[in-house]
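Chain and residue survey
Spelled out, the chains give:
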Amino acid sequence: MARSKPNILVTGTPGVGKTTFCEALAGSTQLQHLEVSKMVREKRLYKEWDDELDCSIFDEEMVYDALEPLLEAGGCLIDFHSSAFLDDGLLDLVVVLRADTSTLYDRLERRHYPESKVKQNVEAEIFQTCLDEAREAFEETELAIWELPHDTEEHMQEALERVQEFAQSYTPG
Ligand code: ADP
Ligand code: MN
Ligand code: MN
């Protein structure tokens with residue numbers, strides 16, 4: 001069934017600014033912000049724990065099942081670092097936010113992440129892990145993937161304008 005409002009996935013390495021961006025976008029559109037990492041925590045959508053990084057490893061099927069009814073209704077901003085477990089039919093646009101190494105490093109240090117976690121995330125950004133995951137997951141589909149810089153307030157304003165325009169001109173079908 002056609003959605004009257006689009007579903008937009010906002011992905012990228014932790015620290016690129018997904019939550020900041022989605023909060024601003026939800027404030028200026030009728031889209032609902034789904035902070036998936038928070039859902040994973042609150043609804044315990046995991047079965048495994050990463051001892052080295054001391055964090056949960058989300059369960060793809062559990063997260064999918066939690067998101068599916070929301071996405072079927074449409075109008076969702078999905079804020080998550082991972083994308084491959086999602087179905088292209090549930091999405092209308094994928095936005096991959098990017099940050100320079102030094103920007104990301106500073107942000108993650110400020111977040112008081114342990115050094116190993118800072119390093120792992122900075123490396124993931126250098127190797128564009130999230131971008132490649134989205135590209136590979138959706139390469140056979142018509143889904144648009146926008147890679148947008150997100151180092152500065154100006155970058156965020158530009159990205160907001162582009163995605164707002166997409167949401168406004170969205171037509172079901
Ligand atoms: P994520 O949800 O991707 O982990 P956050 O939205 O929590 O990232 O942002 C991480 C930090 O970076 C926050 O302190 C936020 O204020 C800052 N930040 C996010 N986007 C920008 C931006 N475009 N310009 C400057 N600072 C930003
Ligand atoms: Mn976040
Ligand atoms: Mn589609």
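The paragraphs below set out a description of the structure included in this document. Keep in mind that what you see is a predicted model, and the values were worked out from it rather than measured.

**A look at the environment of Leu 108**
Positionally, Leu 108 belongs in helix H4 (residues 101-110). Under the relative-accessibility criterion, Leu 108 is labelled buried at 0%. With 86 residues separating them in the primary sequence, Leu 108 and Cys 22 have C-alpha atoms 19 Å apart. Once residues lying within four places of it in the same chain are set aside, the contact partners of Leu 108 are Pro 14, Gly 15, Tyr 113, Val 118, Asn 121 and Val 122.

**Some details on the layout of surface pockets**
Within this model, the largest pocket holds a volume of roughly 1,300 Å³. Per-class residue counts for the lining of the largest pocket are 15 nonpolar, 13 polar and 13 charged.

**A word on the environment of Ile 78**
Residue placement: Ile 78 occurs in strand E5 (residues 76-79). Ile 78 sits in the buried class, given a relative accessible area of 0%. Along the backbone, Ile 78 and Ser 28 are 50 residues apart, and their C-alpha atoms lie at a distance of 16 Å. Not counting the four nearest positions on each side in its chain, Ile 78 is found in contact with Asn 7, Ile 8, Leu 9, Val 10, Leu 34, Val 36, Leu 67, Leu 71 and Leu 91.

So, how was this worked out
Residues numbered from 1 in each chain as written. Chains lettered and ligands numbered in written order. Predicted model: local features only at pLDDT ≥ 70, side-chain atom pairs only at ≥ 80, totals over all residues. Heavy atoms only, no water. Helix = DSSP H or I, 4+ residues; strand = E, 2+ residues; numbered from the N terminus. Buried < 20%, exposed > 50% of the residue type's maximum accessible area, 1.4 Å probe, protein only. Contact = heavy atoms within 4.5 Å. 1 Å grid on protein atoms, 1.4 Å probe; cavity = no way out; pocket = protein on both sides within 12 Å on 5 of 7 lines; lining within 4 Å. Points joined across faces, edges and corners; volume = space filled by probe spheres on them. Nonpolar A, V, L, I, M, F, W, Y, C, P; charged D, E, K, R; others polar.

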